[in-house]
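# Notes for the structure review
The chain contents come next:
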Amino acid sequence: SESEAKTAVAAPTWDELRERLQLAQTPDEKAFRQNLETGHGPPTAQANLRLFGKDADEAEKITLYRDSASWCPYCHKVWMLLEEKRVP
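Residues numbered from 1 in each chain as written. Predicted model: local features only at pLDDT ≥ 70, side-chain atom pairs only at ≥ 80, totals over all residues. Heavy atoms only, no water.

Looking now at the overall build of the protein chain. Across its full length, the protein chain holds four helices and zero strands. In the protein chain, the succession of α and β elements from N to C terminus is α-α-α-α. The C-alpha atoms of the protein chain give 21 Å as radius of gyration, which overshoots the globular expectation for 88 residues (12 Å, by more than 25%). When the backbone C-alpha atoms are referred to their principal axes, the protein chain occupies close to 65 × 30 × 15 Å. (Helix = DSSP H or I, 4+ residues; strand = E, 2+ residues; numbered from the N terminus. Rg over C-alpha atoms; globule rule 2.2 N^0.38 Å.)

Quick look at the structure:
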């Protein structure tokens, strides 16, 4: 009915949601994607590059083949070892 339509709250637009997210994000959350691309930041299954403060040219080249969700328990053990020893 007409009265229900007037009291219904409209869902926010995508732009409004994006603005709310940007206001709520911490500086670390805002830098997350940039850190992923440059090989820095905390360990995450989304990282394809880890440099631990080294330059990409001087870092050792190790490729760890794993599932994209990082669920494989055998890969996870190796990944944890590489992170602990800070092997890029």
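To continue, consider the environment of P42. Inspection of the secondary structure puts P42 in the loop between helix 3 (27–38) and helix 4 (73–84). Take P42: its relative accessible area is 52%, and that puts it in the exposed class. The spatial distance from the C-alpha of P42 to the C-alpha of P12 is 32 Å, given a sequence separation of 30 residues. (Buried < 20%, exposed > 50% of the residue type's maximum accessible area, 1.4 Å probe, protein only.)

The space that makes up the largest pocket amounts to roughly 460 Å³. Class assignment for the residues of the lining of the largest pocket results in 12 nonpolar, three polar and five charged. (1 Å grid on protein atoms, 1.4 Å probe; cavity = no way out; pocket = protein on both sides within 12 Å on 5 of 7 lines; lining within 4 Å. Points joined across faces, edges and corners; volume = space filled by probe spheres on them. Nonpolar A, V, L, I, M, F, W, Y, C, P; charged D, E, K, R; others polar.)

Centre-to-centre distance and the angle between the planes together describe a pair of aromatic rings. Counted under the stated rule, the structure contains zero aromatic pairs. Lying across the ring of W79, R66 places its NZ or CZ 5.5 Å from the centre. (Phe/Tyr/Trp six-rings, centres within 6.5 Å; stacked < 30°, edge-to-face > 60°. Lys NZ or Arg CZ within 6 Å of the ring centre and 35° of its normal.)

With that settled, consider helix 3. Across its 12 residues, helix 3 extends 17 Å between first and last C-alpha, which sits within 8% of the 16 Å expected from 1.5 Å per residue. Looking at the residues trailing helix 3, positive phi occurs at G39, about 85°. (Expected span 1.5 Å × (residues − 1).)

As a further point, take empty space enclosed by the protein. Counted according to the given criterion, the structure contains one cavity of 30 Å³ or more. What the largest cavity holds in volume is close to 50 Å³. Broken down by class, the residue content of the lining of the largest cavity amounts to five nonpolar, five polar and one charged.

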